[in-house]
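# Chain and residue survey
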Amino acid sequence: MNGLSFSELCCLFCCPPCPARIAAKLAFLPPEKTYDLISDETGSRYSLHLTERAEWQYSQRELDNIEVFYTRTSKNNRIVCMFARCTPNAKFTILFSHGNAVDLGQMSSFYIGLGSRINCNIFSFDYSGYGASGGKPSEKNIYADIDAAWQALRTRYGISPQNIILYGQSIGTVPTIDLASRYEVGAVILHSPLMSGMRVAFPETKRTWFFDAFPSIDKVPKITSPVLVIHGTEDEVIDFTHGLTIYERCPRTVEPLWVEGAGHNDVELYGQYLERLKQFINVELAVN
């Protein structure tokens with residue numbers, strides 16, 4: 001899209017879309033649920049039951065290292081949290097906000113594989129309306145969702161902020177940036193981030209309108225933690241310029257990872273993805 005047509009401009013200024021509509025149109029596609037939480041006799045502890053659609057790739061031993069529970073958000077939604085113990089000597093725990101059209105069941109194998117390779121435990125959550133989480137997906141809810149997950153990680157496991165790495169992927173960069181703009185943490189990883197909803201829908205947008213959804217670009221200057229930005233140069237969903245601009249706006253960026261030729265959903269398949277994460281977490285953060 002090279003610019004806004006006259007009809008689009010009329011639509012925007014005569015009847016601008018509300019942020020919830022932009023958010024719903026751009027972001028929220030909850031998949032068919034790929035897991036269930038099974039409670040014990042007391043009703044206080046849960047185990048993870050994966051369906052075939054989750055495509056679990058590891059043994060029962062790894063599955064037993066995943067703890068799941070519910071927590072309640074400030075919007076009164078009950079969301080699912082997952083703690084994957086990937087390695088016994090982890091210095092860092094990653095608070096992972098996943099992308100769109102997936103849930104914790106589908107991400108569980110990835111978390112185990114990633115955490116074991118970069119020597120981190122991984123804590124994640126399903127947004128309201130995703131997986132076994134209650135409520136409906138919305139911009140306000142995803143901010144409340146990550147706040148509830150953050151509080152659960154801090155209080156339930158006693159992990160200090162300096163030992164937490166916030167990782168957001170695609171739409172997950174929205175709550176990640178929001179949280180990182182309010183708390184100092186060990187580090188932040190932004191994987192295929194977006195500047196704002198309007199800038200995805202209308203690439204020529206140069207400012208943040210009052211009705212814009214996900215205005216991450218206005219929050220990144222407030223992040224005080226080290227930030228690693230990752231983006232594929234051929235991203236067909238969130239253009240590479242989004243990652244580049246967010247990188248330029250962050251006060252404490254490290255060497256970014258621009259994956260030449262990668263799209264929106266295949267960055268993890270490139271060898272430099274894992275190597276850059278290892279270098280960042282095990283070398284660069286170790287000297288800070």
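Residues numbered from 1 in each chain as written. Predicted model: local features only at pLDDT ≥ 70, side-chain atom pairs only at ≥ 80, totals over all residues. Heavy atoms only, no water.

As recorded by an unreviewed UniProt entry, the protein carries the name palmitoyl-protein hydrolase and is attributed to Biomphalaria glabrata. Per UniProt, the protein carries the Sequence similarities (unreviewed entry) text "Belongs to the AB hydrolase superfamily. ABHD17 family." In its Catalytic activity (unreviewed entry) section, the UniProt entry covering the protein states "S-hexadecanoyl-L-cysteinyl-[protein] + H2O = L-cysteinyl-[protein] + hexadecanoate + H(+)". (UniProt positions renumbered as here; feature names shortened; annotations may be inferred.)

Further remarks concern the packing of aromatic side chains. In the structure shown here, the tally under the stated rule is 17 aromatic pairs. Judged by centre distance (6.1 Å) and plane angle (70°), the ring pair of Phe 123 and Tyr 157 falls under edge-to-face. One end of the pair, Phe 123, is in strand S6 (residues 120-125); the other, Tyr 157, is in helix H5 (residues 139-157), with 34 residues separating them in the sequence. For the pair shown, Phe 123 and Tyr 157 are each scored as buried. Cluster of aromatic residues (ring-pair linked, three or more members): Phe 69, Phe 83, Phe 123 and Tyr 157. Directly above the aromatic system of Tyr 70 lies the positively charged group of Arg 78, at a separation of 3.6 Å from the ring centroid. (Phe/Tyr/Trp six-rings, centres within 6.5 Å; stacked < 30°, edge-to-face > 60°. Helix = DSSP H or I, 4+ residues; strand = E, 2+ residues; numbered from the N terminus. Buried < 20%, exposed > 50% of the residue type's maximum accessible area, 1.4 Å probe, protein only. Lys NZ or Arg CZ within 6 Å of the ring centre and 35° of its normal.)

The buried fraction of strand S7 (residues 164-169) is high, at 6 of 6 residues. Neither face of S7 is left uncovered, since the one carrying Ile 164, Leu 166 and Gly 168 and the one carrying Ile 165, Tyr 167 and Gln 169 both have all their residues buried. Sheet topology places strand S5 (residues 92-97) next to S7; 5 bridges connect them, and they run parallel. In the strand pairing of S7, Leu 95 is matched with Leu 166. Here S7 pairs with strand S8 (residues 187-191) via 5 bridges, running parallel. Across the sheet, residue Leu 166 finds its bridge partner in S8, namely Val 188. With respect to chirality, the unit in which S7 leads through helix H6 (residues 173-180) into the neighbouring parallel S8 is right-handed. (Pairing = 2+ DSSP bridges. Right-handed = clockwise from strand over helix to strand, strands pointing away.)

Looking only at helix H8 (residues 240-249), the buried set comprises Phe 240, His 242, Gly 243 and Ile 246. Mapping the buried residues of H8 onto a view down its axis gives an arc of 160°, with all of them on the same face. (Arc of directions from axis to C-beta.)

The next thing to look at is the pattern of salt bridges. Applying the stated rule across the entire model yields 9 salt bridges. As a salt-bridge pair, Asp 178 and Lys 219 come within 2.8 Å of each other at their nearest N and O atoms. Separated by 41 residues along the polypeptide, Asp 178 in helix H6 and Lys 219 in the loop between helix H7 (197-201) and strand S9 (227-232) bring together distant segments of the chain. With a relative accessible area of 10%, Asp 178 lands in the buried category. The salt bridge involving Lys 278 is made with Glu 275; its shortest N-O contact spans 4.0 Å. Taken as a pair, Lys 278 and Glu 275 lie in helix H9 (residues 271-284) at a separation of 3 residues, close to a single helical turn. With a relative accessible area of 29%, Lys 278 lands in the partly exposed category. Each of Asp 147, Asp 178, Arg 182 and Lys 219 takes part in salt bridges that share partners, so that together they form one network. (Salt bridge = Lys/Arg side-chain N within 4 Å of Asp/Glu carboxyl O.)

All right, on to the side chain of Asn 121 then. For Asn 121, the position within the fold is in strand S6. Of the residues examined, Asn 121 reaches a relative accessible area of 9% and is grouped as buried. Looking at Asn 121, its side chain comes within polar contact range of the main-chain nitrogen of Thr 87, at 3.3 Å. With near-sequence residues (within four places) excluded, Asn 121 lies in contact with Phe 83, Ala 84, Arg 85, Cys 86, Thr 87, Ala 90, Phe 92, Thr 93 and Ile 94. (Polar contact = N/O pair within 3.5 Å; in protein donor to acceptor, adjacent residues only side chain to side chain. Contact = heavy atoms within 4.5 Å.)

Within the fold, Arg 276 resides in helix H9. If we skip the residues at most four places from it in the chain, Arg 276 touches Leu 228, Val 254, Glu 255, Pro 256, Leu 257 and Glu 284.

Positioned with a positive phi, Asn 76 is a non-glycine residue whose angle comes to about 70°. Taking relative accessible area as the criterion, Asn 76 reaches 54% and is therefore assigned exposed. For Asn 119, which is not glycine, the phi torsion reads 60° and is therefore positive. Checked against the element boundaries, Asn 119 lands in the loop between helix H4 (104-118) and S6.

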